[in-house]
Every structure is written in C-alpha cells, then in structure tokens.
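# Structural description and commentary
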Amino acid sequence: AESALTALQDPKNRVGGGIVIQEGLWQSEIFAKLSKGSGRPVSEYEKVTANQLGLPKSMNGKLEGWLFPSTYDFDKSMSAKQQLQTMVTNTKEQINSLNIPADQIQKVLTKASIVQAESPNAANDGKVARVIDNRLSSGMKLQMDSSVHYVIHKRGTVTTSNEDRQSDSPYNTYKHTGLPPGPINNPGAEAIKAAGDPDEGDWLFFVTVNPDTGETKFAETQREHDNNVKEFQQWCSDNQDRC
C-alpha cells in the first residue's frame, strides 16, 4: 500500500494536464479523448463492456450516458477499464445524490442526454426537460434533431435534412414515438438534475432562436412556436453554413 501511494504521488506517473471530457460528447468521442490523453489505443476502451462496469443489462452493452463529464487526471498505470469505471462511478454518485429510483435511471439519463444536446443554456435545462415530459405524456413525437445527429454521427449543424430524418433507427425521434432506447450522449450534472426534476409548465415546443447566444423560446401552442421558428430561420439565413 505504501509503495502504491508513493507511485500515485509521483507526478511522473500522472497523465499531464488532465483529460477534459466535456458535457454531451458521444461515447466514441470520449474514447478518442481518453486514448489521446493516456496513450492507450481506442480498441482497449471499446473492449470494455457495460456488464464489466456493473451497468444494467438494459444498456445492451453500451456505455453511452454513463461516462461522466469532468477533468480526469488518471494515473498512467490505470487500465482502460479502470478509467471508465471511475467515470461510471461518478455518474452513479450523481444519480444517488438526486435519489432517482432504480427503475427510472435509464429513462432519466436518456432524457438528460437530450436536454444536454438541445439546451445551449443550462438555465433552460428544466424547461427543455418539461417539454420532453409533456410531449411524452401527450403522445407527441419528440422530434429532436439531436437524436438524428446521433444516428448519423454528424456535428457542426443545428438542423437536419429531410433525408437525415428518414432513418429507421429507433433513435430517430422524428419517426418513432417515445424516448430513444438509450442516451444519445453523456450528460453533465445540470442536465441530469433537470431531467430528474423538470420545471413546471405546459410548454410543448421550444426553439433556440439564436444558437450564438443560446436564447431559447418556449411555446404552448403551434402558432406561437411557428412565430418563434421564424426568428430561428432568420438566424439560419444569416448563418447558412451552420444550419
């Protein structure tokens, strides 16, 4: 134990600078960052299974949603499994702090991942989470572009094309009613908290009218939402390369 402690305290045995894992990254993006920071091949991370990390069988082998965003200063001797276990443990601690029932964890993480992807301003996370709940309750499709981006693994634009939205993937919330079968990224603490305890409200729609500032408008009716969308369309007209 003494020699192990000595090794951990030696800066030479640490990954310099730490590995920064931002909120909302896909599992594949996290593996790439961990590999670059630790020097271990991506294949080592890909071999780690959800079962090995003590995750529910409902994960179907995926770690998506359980890799907690933070800055990690892993010891160089840590295996890929040990690194991922640390991240999963952090997610479990976050869930436990919110007293989320065991049978609701997967649902909350899935909702949180959508909130993380769709809400550019954390102050609106609770409202976005409420829109998700209201749509689910009313039987409306979620119609979240972020779920389509996950299917096609596309970054860089805030919208999707008609062709993109034709995917038959169960993660495509334009085609399928209800939540996707699992998280679409790895959400941070604020998004998880919002998904577990959404704001109160009757909103059914929201649109970020200015992705640069994060200004988002919420609506209870289609007419009101359509007017808000016009503001977003104007932003897109001025930023065509980003829509």
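Everything quoted here is computed from the prediction, not taken from an experiment. (Residues numbered from 1 in each chain as written. Predicted model: local features only at pLDDT ≥ 70, side-chain atom pairs only at ≥ 80, totals over all residues. Heavy atoms only, no water.)

This next bit is on the state of the cysteines. By the definition in use, this model includes 1 disulfide. Sulfur-sulfur distance for the disulfide between Cys236 and Cys243 comes to 1.9 Å. The sign of the -85° torsion about the S-S bond sets the Cys236-Cys243 disulfide as left-handed. Residue classification places Cys236 among the buried positions, given a relative accessible area of 13%. By relative accessible area, Cys243 is classed as partly exposed at 26%. (Disulfide = S-S within 2.5 Å. Buried < 20%, exposed > 50% of the residue type's maximum accessible area, 1.4 Å probe, protein only.)

A word on unusual backbone geometry. At Gln143, a position not held by glycine, the phi torsion is positive, near 50°. Within the secondary structure layout, Gln143 lies in the loop between α6 (125-138) and α7 (145-152). By relative accessible area, which is 39% here, Gln143 ends up partly exposed. Located in the positive-phi region is His153, a residue other than glycine, with phi close to 50°. The residue His153 is located in the loop between α7 and α8 (189-196) in this model. (Helix = DSSP H or I, 4+ residues; strand = E, 2+ residues; numbered from the N terminus.)

Moving on, we come to helix α9 (residues 222-238). Its 17 residues place the ends of α9 24 Å apart at the C-alpha level, agreeing with the 24 Å of an ideal helix rising 1.5 Å per residue. For α9, the secondary structure elements touched by its buried residues are β3 (205-210) and β4 (215-219). (Expected span 1.5 Å × (residues − 1). Contact = heavy atoms within 4.5 Å.)

What follows concerns the pairing of β3. Burial of β3 is extensive: 5 of the 6 residues sit out of reach of the surface. Where β3 lies against β4, 5 bridges are found, and the strand directions are antiparallel. Bridging across to β4, Phe205 finds its partner in Ala219. Between β3 and β4, which pair antiparallel one after the other, the connecting turn spans 4 residues, and Gly214 there sits at a positive phi close to 85°. (Pairing = 2+ DSSP bridges.)

The next thing to look at is the pattern of salt bridges. Tallied over the entire structure, the rule returns 8 salt bridges. Here Lys154 and Asp164 are joined by a salt bridge, their closest N and O atoms 3.9 Å apart. Residue Lys154 is located in the loop between α7 and α8, and its partner Asp164 is located in the loop between α7 and α8; the two are separated by 10 residues in the primary sequence. On the basis of relative accessibility, which here comes to 16%, the residue Asp164 falls in the buried class. Arg242 serves as the salt-bridge partner of Asp212, at 2.8 Å between the closest nitrogen and oxygen. Of this pair, Asp212 sits in the loop between β3 and β4 while Arg242 sits in the segment after α9, placing them 30 residues apart in sequence. The exposure class of Asp212 is partly exposed, given its relative accessible area of 49%. (Salt bridge = Lys/Arg side-chain N within 4 Å of Asp/Glu carboxyl O.)

Mean pLDDT over the protein chain stands at 92; residues scoring 70 or higher make up 92%. Put simply, helix α1 (residues 2-9) is where the protein chain has its lowest mean pLDDT, 55, and α6 is where it has its highest, 98. (pLDDT = per-residue confidence, 0-100.)

With that settled, the discussion passes to the packing of helix α5 (residues 105-118) against α6. Across the interface, α5 lies against α6 with an axial gap of 9 Å and an inter-helix angle of 125°. In terms of orientation, α5 and α6 fall into the oblique class. As α5 runs across α6, the sense of the crossing is right-handed. Across the interface between the two elements, Lys111, Ile114, Val115 and Glu118 of α5 pack against Asp125, Val128, Ala129, Ile132 and Asp133 of α6. Here the residues of the contact of α5 with α6 sort into 5 nonpolar, no polar and 4 charged. (Axes fitted to C-alpha atoms, helices over the stretch in contact; angles between N-to-C directions. Parallel < 35°, antiparallel > 145°, perpendicular 65-115°, else oblique. Left-handed = near helix turned anticlockwise from the far one by under 90°. Nonpolar A, V, L, I, M, F, W, Y, C, P; charged D, E, K, R; others polar.)

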